[in-house]
Amino acid sequence: MKSKKISILALLIGISITILVREYNLSNQLIKNPVFNGSTMGTTYTIKIIDEITPENYEEINTWITNTLYNYNIQMSTWLKESEISKFNKSTSLEKYKINSQFFYIVDKALKIAKISNGYYDPTIQPLYDLWGFGSGSTDNQINNFPSSKKISNTLNKIGYEKLHIGMEKYDSYDFKHPYMQKKEPAITLNLGGIAKGGAASDIVYILSGNKWIDIYESYDDKLIQDSKNYSYYELLNNFNFKNIYVDIGGDVQVLGFNQDGLPWKIGIQTPSSSLFDVSSLYGIINITNGSLATSGNYFNYKEKDNQKYAHILDPKTGMSIKSDIVSVSVYNPNGAYADGFATAIYAMGIKKGLQMVESLPDTEAMIIIQNRDGSFLDYFSSQFITKTNYKKINYQD
């Protein structure tokens with residue numbers, strides 16, 4: 001009987017050891033070049049890391065990515081009624097409105113882009129989007145019809161990036177500071193859809209790489225940005241330090257390092273007339289190891305009247321939908337929010353003013369595609385776009 005008990009005990013010990021070994025082996029199996037996919041901000045995202053990680057690391061990173069993008073959405077989406085930006089937009093208070101560091105980070109860049117572009121990009125343009133039927137607050141009547149000149153003129157009074165102030169204020173005895181926004185006029189509202197995806201892409205690369213991005217436009221408020229860091233958010237649990245990363249959020253792409261073949265990351269620029277889902281129809285490809293590419297165009301989101309297309313990209317100065325032979329603007333910049341915002345600004349500015357602005361900016365390059373009357377395309381480049389991005393055009397036309 002005693003011998004039988006010993007045998008059973010030995011068997012149980014053996015099974016336990018086998019299970020432990022199996023679990024150890026499973027937990028130590030490495031995932032090579034992991035990919036993370038999902039939906040956010042009304043679009044999809046793909047994130048690639050060229051490295052080997054454990055399943056536990058994969059779950060941690062995936063959870064962090066999901067939470068990070070959720071935070072961006074719940075703070076900056078005007079399509080969510082309970083988002084932070086929607087609450088701010090509904091408020092008519094002129095008091096300071098506290099926001100967190102992510103929100104501050106994006107609004108700060110939006111105001112910089114607005115100032116640099118002389119208001120051709122303006123984050124307070126939400127009332128115009130609604131009026132034209134492109135916004136989250138558009139009525140059925142606005143969606144199905146076109147605004148009158150009088151309504152456009154009246155709406156322009158509600159727009160102006162100079163009417164929004166941001167800053168930091170001390171909120172406890174330890175000298176911690178909290179970021180805030182403040183309206184100078186009650187009717188001012190925000191729309192950050194033009195740069196939030198690019199900003200999020202840069203943010204993700206910044207954290208996963210373990211390095212601080214050098215922001216070439218931080219000048220008067222370097223201290224504000226540093227004070228606003230929420231370190232519980234900015235530090236991923238295991239302090240990863242990946243060297244090769246690719247992030248694509250709805251076509252706003254940020255990369256670092258090299259792809260799985262040890263080559264620079266390839267980012268496609270879509271043919272303006274092609275379908276949104278026709279990934280095979282590329283106009284050109286850039287090859288970069290660091291930085292962001294964002295493209296603005298009028299070929300997917302527009303209204304049509306009397307055979308005339310009215311693009312969703314609006315001129316903050318006139319309130320009008322922009323009528324232009326420009327069909328695509330692609331901007332390369334170290335930071336995705338700037339690439340996004342400057343692409344929108346250039347579209348509104350036109351070729352001459354747009355390229356002049358780009359030439360005045362450090363580490364910023366642009367490519368503008370126009371469509372001729374015969375349907376053919378013509379390219380315009382800033383002086384270093386081809387060199388800095390290793391751009392290669394694809395011969396898409398017969």
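Since the model is a prediction, treat every value here as computed from it, not as a measurement.

J.: Which parts of the structure should I look at to understand the pairing of strand E16 (residues 365-371)?
T.: Across a regular strand the side chains alternate sides, sitting on one face of the sheet and then on the other. Most of E16 sits out of view: six of its seven residues are buried. Relative to E16, strand E15 (residues 326-333) is paired through six bridges, and the arrangement is antiparallel. For Ile-326, the partnering residue across the bridge sits in E16 and is Ile-370. Judged from the five bridges that link them, E16 and strand E17 (residues 377-381) form a sheet pairing that is antiparallel.

J.: So what exactly am I meant to see when it comes to the sheet that holds strand E5 (residues 97-98) here?
T.: Pairing between the strands of a sheet comes from backbone hydrogen bonds, and it takes one of two forms, parallel or antiparallel. Strand order across the open sheet formed by three strands is E5-E7-E6, with antiparallel pairing between neighbours. Both outer strands of the open sheet, E5 and strand E6 (164-170), are each paired with one neighbouring strand and no more. Sheet topology places E5 next to strand E7 (residues 177-183); two bridges connect them, and they run antiparallel. Note that in E7 the partner of Lys-98 across the bridge is Tyr-180. Strand contacts of helix H4 (residues 101-116): E6 and E7, with the helix running at about 140° to E6, the strand carrying the most contacts.

J.: What should I look at first to understand the nonpolar core in this one?
T.: A general tendency of soluble globular proteins is for nonpolar side chains to be buried together. Among the nonpolar cores identified, the biggest contains 73 residues, and Ile-61, Phe-103, Val-107, Met-181, Leu-190, Leu-192 and Leu-208 are the most heavily contacted of them. For this core, the element with the most residues is helix H11 (residues 336-349), which contributes ten residues. Contacts of Met-181, omitting those with residues within four sequence positions, involve Phe-88, Glu-95, Lys-96, Tyr-97, Ile-99, Phe-103, Val-107, Leu-164, His-165, Ile-166 and Leu-190. In this structure, Ile-50, Ile-269, Tyr-283 and Phe-385 belong to the second largest nonpolar core, which totals 18 residues.

The rules behind these values
Residues numbered from 1 in each chain as written. Predicted model: local features only at pLDDT ≥ 70, side-chain atom pairs only at ≥ 80, totals over all residues. Heavy atoms only, no water. Buried < 20%, exposed > 50% of the residue type's maximum accessible area, 1.4 Å probe, protein only. Helix = DSSP H or I, 4+ residues; strand = E, 2+ residues; numbered from the N terminus. Pairing = 2+ DSSP bridges. Contact = heavy atoms within 4.5 Å. Axes fitted to C-alpha atoms, helices over the stretch in contact; angles between N-to-C directions. Core = buried A, V, L, I, M, F, W, Y, C linked by side-chain atoms within 4.5 Å.

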